[in-house]
Number of protein chains: 2
Amino acid sequence: MNKTTIQEIAADLGLSITTISFIINGKGDQYKISKATQERVKKYIAQNNYQPNSVARSLTTGKSYTIGYLVPDISDPFYAAIGKHVENILSQQGYQLFMCSTKEDPDTELKIVQSMVQRQADGIIMAPTTKKSLSYIKSQDIPLVTFDRQIPRSRAHFVGIDNYEASKSAITAFLTRNKNAKMAMVSMTPEVNTLSQRIEGCLDAFKELGLHFPEDLNLNVDYQNLQESCLDQIGALLQKHPEVNSFYFTNNLTAYKGLYALNKNHRPKLEKMKLISFDDMPLFEISHPFTTGIEQPQEKIGETSAQMLLELLHSKNTSSKVKKVILPVQINWR
Amino acid sequence: MNKTTIQEIAADLGLSITTISFIINGKGDQYKISKATQERVKKYIAQNNYQPNSVARSLTTGKSYTIGYLVPDISDPFYAAIGKHVENILSQQGYQLFMCSTKEDPDTELKIVQSMVQRQADGIIMAPTTKKSLSYIKSQDIPLVTFDRQIPRSRAHFVGIDNYEASKSAITAFLTRNKNAKMAMVSMTPEVNTLSQRIEGCLDAFKELGLHFPEDLNLNVDYQNLQESCLDQIGALLQKHPEVNSFYFTNNLTAYKGLYALNKNHRPKLEKMKLISFDDMPLFEISHPFTTGIEQPQEKIGETSAQMLLELLHSKNTSSKVKKVILPVQINWR
DNA sequence: ATGAAAGCGCTAACAT
DNA sequence: ATGTTAGCGCTTTCAT
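Everything quoted here is computed from the prediction, not taken from an experiment.

Further remarks concern the relation of the copies chain A and chain B. Superposing the two chain copies requires a rotation about an axis and a translation along that axis. Mapping chain A onto chain B calls for a screw motion: a turn of 180° about the axis and a shift of 0.0 Å along it, with 0.1 Å RMSD after fitting. Each copy turns onto its partner about a two-fold axis. Taking the C-alpha atom as reference, chain A places Ser-287 of chain A closest to the rotation axis, 2.1 Å from it.

Here it is as structure tokens:
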């Protein structure tokens, strides 16, 4: 079954392709095509299941109804969830999403961005890794909304949270609730600035409470090798500092693997461990032990990013000033 | 900065667009373009950061280097993980993925499929919900690989597991290990056939061991309202059947919410509960209690699906017989 | 109320 | 060794 085209319809119906095009695009009335003709064409289209070729349409109009969603890892529950909410909003408007994993790698990210430009994506929503790709996007001036991470000095629209403040106030509250907490922190490389901000927030919380946070309780595990790295470093830490009775995981990945390490090798200690993690996950309600989560409003982040992009798409003034939406977090104590 | 086009290059360099096109597509030598010219063009391209417009290219060639990845929910960890592996293989070959959630809804699914056709997707990888969309894809003869779910009588290439056998043998082993297990089962609507096969497998395991499985220990919670539904039904069940000391969750979603319900309202019973779930998740290693998982080879499923699609893309004979790859599962006892 | 034709940027068969 | 040209399927201005 070969593809029907607009000219076939025109030929079969003895009309011009212009007429067909008008009707397809709902401009029949506007161009005063007679009701009769409109009906005839619509009937033909329905019967032959004609679908306009969007590639051709894009070439003419310059719009592809395609958006790039670029994140470090599309299977990361955090990015997957936000992606779903983005999809939810954008698919209603006829957009499809190219979802791509940048792998925290600047080169991969740039290649993907270039591919998006070649494919005439109408816009991009991304959790950026580097400034290079952002500059490239800007140079092509294609509508862009960033989320989750802000690249310093990059002037891009942004939706996210205040990592420093959220971390600081959560840890302050935690230390107030758990007076005799002896806390260690688990973060990871590569150090994206969201993570350093969370670390800073934590350290400042200690400082302001007049407490000391020893350097060597600040772990930094390896992103490429999370599980082994967690097993090793947490093992070593608990050996050297048996007094540690609390962990702060600075993101969902370290929390996952940290919990794994604790469950695997340190069950006896687990009973009275108090855990807190940046990013909340449903699993913290069923984990051993239950884990307090600093919850980012994923749905809101996704929806706001999508809506912000839609606005950009509809308003033609590239001039507009940079918009930043900072959303509140919520602490789920457990 | 406006888009450079092939004709601008031609004009600027005093060459014809053909020559430029040949060089861009690596056919310079084949068409005996002089080294000098080739260098000149390549240099120009590098300097001006020219990127060919893939929309125009697709319109001429009929190939878009675009693949549709359609699953019920892209944020479901199972589909997200497989998606990542699919992406991994296909991105190496220059393909980008449209990832779409069909929401278990036939109409949504069909709309997305039609959109893929309009957009000239070169192929589709999907966990199908209905036969209707499969027939449509076939009618357009666009290369298709299905995974996870087989639609009865649909003759599509398939990658997945044998749900009936996997379920049956896992439950048989489970009952052998836990002689005095008093098991309830939690499944969900809508009843896709993977789930009914898992249920059948479980019931047959009981039968062959000469055991009885009471009708009312077979729960069916509501997909649209998983959490509430689990809380209600599991609560009611444990009240009526306090002897139940084991649960079989027939997929990751019911396991998640089942564990949630148990942790929330039935902690005392949890100590000696033995849980097993179809689909394994990392969280089962840190959940309370640890949960045995029947693990599907996600990476293998993703990679095989992608590779199978690539073969289809490269071989032009539509005739070829239907390929089915059935992969083994692995039980992770906990 | 409808049609002709240019053009979107590219590829490739066919010149030269 | 390089150029001319006809499409690919569609939108839209300008005619009629």
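Grouped together as the largest cluster of nonpolar side chains are 98 residues, with contacts concentrated most on Phe-247 and Leu-283 of chain A together with Phe-247 and Leu-283 of chain B. Non-local contacts of Leu-283 of chain A, meaning those with residues more than four positions away in its chain, are made with Tyr-256 and Leu-259 of chain A together with Tyr-256, Leu-283 and Ile-286 of chain B.

Turning to the protein's contact with DNA strand C, a few remarks are in order. For DNA strand C, the set of nearby residues contains 28 residues, the closest of which are Ser-16 and Thr-18 of chain A together with Ile-6, Tyr-50 and Arg-57 of chain B. When atoms of DNA strand C within 4 Å of the protein are sorted by moiety, sugar and phosphate together comprise 64%. Between DNA strand C and Ser-16 of chain A, the relevant distance is 2.5 Å, taken from a phosphate oxygen to a main-chain nitrogen or oxygen of the residue. Contact distances for DNA strand C include 3.3 Å between a base nitrogen and a side-chain N or O atom of Thr-18 of chain B. The leading source of residues in the surface near DNA strand C is helix 4 (residues 54-61) of chain B, at 4 residues.

Residue and element names in this part refer to chain A. On the surface, Lys-131, Lys-138, Arg-153, Arg-155 and Lys-324 cluster together to form a positively charged patch. With respect to the helices and strands, Arg-155 occurs in the loop between strand 4 (144-147) and strand 5 (157-161). Assessed through its relative accessible area of 58%, Arg-155 is described here as exposed.

Before going further, it helps to examine unusual backbone geometry. With omega at -5°, the peptide bond leading from His-288 of chain A into Pro-289 of chain A counts as cis. With respect to the helices and strands, Pro-289 of chain A occurs in the loop between strand 9 (274-278) and strand 10 (292-295). Positive phi outside glycine occurs at Tyr-65 of chain A, with the angle close to 55°. Looking at the element boundaries, Tyr-65 of chain A is found in the loop between helix 4 (54-61) and strand 1 (66-71). When its relative accessible area of 36% is taken as the criterion, Tyr-65 of chain A is described as partly exposed. One non-glycine residue, Lys-32 of chain B, lies in positive phi territory at about 55°. For Lys-32 of chain B, the position within the fold is in the loop between helix 2 (17-24) and helix 3 (35-48). Here Lys-32 of chain B falls in the exposed class, since its relative accessible area comes to 74%.

Now for the sheet that holds strand 12 (residues 330-332) of chain B. Strand pairing in a sheet relies on backbone hydrogen bonds. The paired strands run either parallel or antiparallel. Residues and elements named next belong to chain B. Within the open sheet, the 6 strands sit side by side as 7-6-8-9-10-12. Their pairing is mixed. Since the sheet does not close on itself, it has two edges, and those belong to strand 7 (218-222) and strand 12, each with one partner. Neighbour-to-neighbour, the strand axes of this sheet turn through a mean angle of 20°, independent of strand direction. In this structure, strand 10 (residues 292-295) lies alongside strand 12, joined through 3 bridges in antiparallel fashion. Considered in strand 12, the bridge of Gly-293 is made with Asn-332. Of the strands in this sheet, strand 6 (183-189), strand 7 and strand 8 (246-249) touch helix 10 (residues 226-240), which is tilted by about 155° from strand 7. Set on the sheet, helix 11 (residues 252-265) makes contact with strand 6, strand 7, strand 8 and strand 9 (274-278); between it and strand 8 the angle comes to about 150°.

Moving on, we come to the packing of aromatic side chains. In total, this model carries 15 aromatic pairs over all chains according to the counting rule given. Relative to Phe-98 of chain B, the ring of Phe-98 of chain A has its centre 4.1 Å away and its plane inclined at 15°; by these criteria the two rings are stacked. Taken as a pair, Phe-98 of chain A in strand 2 (residues 96-101) and Phe-98 of chain B in strand 2 (residues 96-101) lie in two separate chains rather than in one. Aromatic pair Tyr-69 of chain B and Phe-147 of chain B: ring centres 5.9 Å apart, planes at 10°, arrangement stacked. With Tyr-69 of chain B in strand 1 (residues 66-71) and Phe-147 of chain B in strand 4 (residues 144-147), this pair connects stretches of sequence that are 78 residues apart. Look at Tyr-69 of chain B and you get buried, because its relative accessible area is 1%.

Our next topic: the domain arrangement of chain A. What the domain assignment lists for chain A is domain 1 (6-61), domain 2 (66-161 + 299-329) and domain 3 (163-295). Placing the centre of domain 1 of chain A and that of domain 2 of chain A at their C-alpha centroids yields a distance of 35 Å.

Here we take up the packing of helix 8 (residues 163-177) of chain A against helix 9 (residues 193-208) of chain A. All names here are of chain A. Interaxial distance between helix 8 and helix 9 falls to 7 Å at its minimum, and their mutual angle equals 40°. By the angle between their directions, the pair helix 8 and helix 9 is classed as oblique. With respect to the hand of their crossing, helix 8 and helix 9 are arranged in right-handed fashion. Residues Asn-163, Tyr-164, Ser-167, Lys-168, Ile-171, Thr-172 and Leu-175 of helix 8 form the contact with helix 9, whose participating residues are Thr-194, Gln-197, Arg-198, Glu-200, Gly-201, Cys-202, Asp-204, Ala-205, Phe-206 and Glu-208. Here the residues of the contact of helix 8 with helix 9 are counted per class, giving 6 nonpolar, 6 polar and 5 charged.

This part is about the protein's contact with DNA strand D. Surveying the vicinity of DNA strand D reveals 29 residues, the closest of which are Ile-6 and Tyr-50 of chain A together with Ser-16, Thr-18 and Thr-60 of chain B. Sugar plus phosphate, as a fraction of atoms of DNA strand D within 4 Å of the protein: 61%. A distance of 2.9 Å separates a phosphate oxygen of DNA strand D from a polar side-chain atom of Lys-27 of chain A. In this structure, a phosphate oxygen belonging to DNA strand D sits 2.4 Å away from a side-chain N or O atom of Tyr-50 of chain A. Only helix 1 (6-13), helix 2 (17-24) and helix 4 of chain A together with helix 2 and helix 4 of chain B provide two or more residues apiece to the surface near DNA strand D. Tallied by class, residues from the surface near DNA strand D come to 11 nonpolar, 15 polar and 3 charged.

Conventions we followed
Residues numbered from 1 in each chain as written. Chains lettered and ligands numbered in written order. Predicted model: local features only at pLDDT ≥ 70, side-chain atom pairs only at ≥ 80, totals over all residues. Heavy atoms only, no water. Least-squares fit on C-alpha atoms with pLDDT ≥ 70 in both. Core = buried A, V, L, I, M, F, W, Y, C linked by side-chain atoms within 4.5 Å. Buried < 20%, exposed > 50% of the residue type's maximum accessible area, 1.4 Å probe, protein only. Contact = heavy atoms within 4.5 Å. Near = heavy atom within 4 Å. Polar contact = N/O pair within 3.5 Å; in protein donor to acceptor, adjacent residues only side chain to side chain. Helix = DSSP H or I, 4+ residues; strand = E, 2+ residues; numbered from the N terminus. Patch = residues over 30% accessible without salt bridge, like charges linked within 9 Å, V, L, I, M, F, W, Y side chains within 5 Å. Areas by Shrake-Rupley, 256 points an atom, 1.4 Å probe, with all protein chains shown as cover. Salt bridge = Lys/Arg side-chain N within 4 Å of Asp/Glu carboxyl O. Lys, Arg positive; Asp, Glu negative; His and termini not counted. Charge placed at Lys NZ, Arg CZ, Asp CG, Glu CD. Pairing = 2+ DSSP bridges. Axes fitted to C-alpha atoms, helices over the stretch in contact; angles between N-to-C directions. Phe/Tyr/Trp six-rings, centres within 6.5 Å; stacked < 30°, edge-to-face > 60°. Domains from an automatic or database assignment. Parallel < 35°, antiparallel > 145°, perpendicular 65-115°, else oblique. Left-handed = near helix turned anticlockwise from the far one by under 90°. Nonpolar A, V, L, I, M, F, W, Y, C, P; charged D, E, K, R; others polar.

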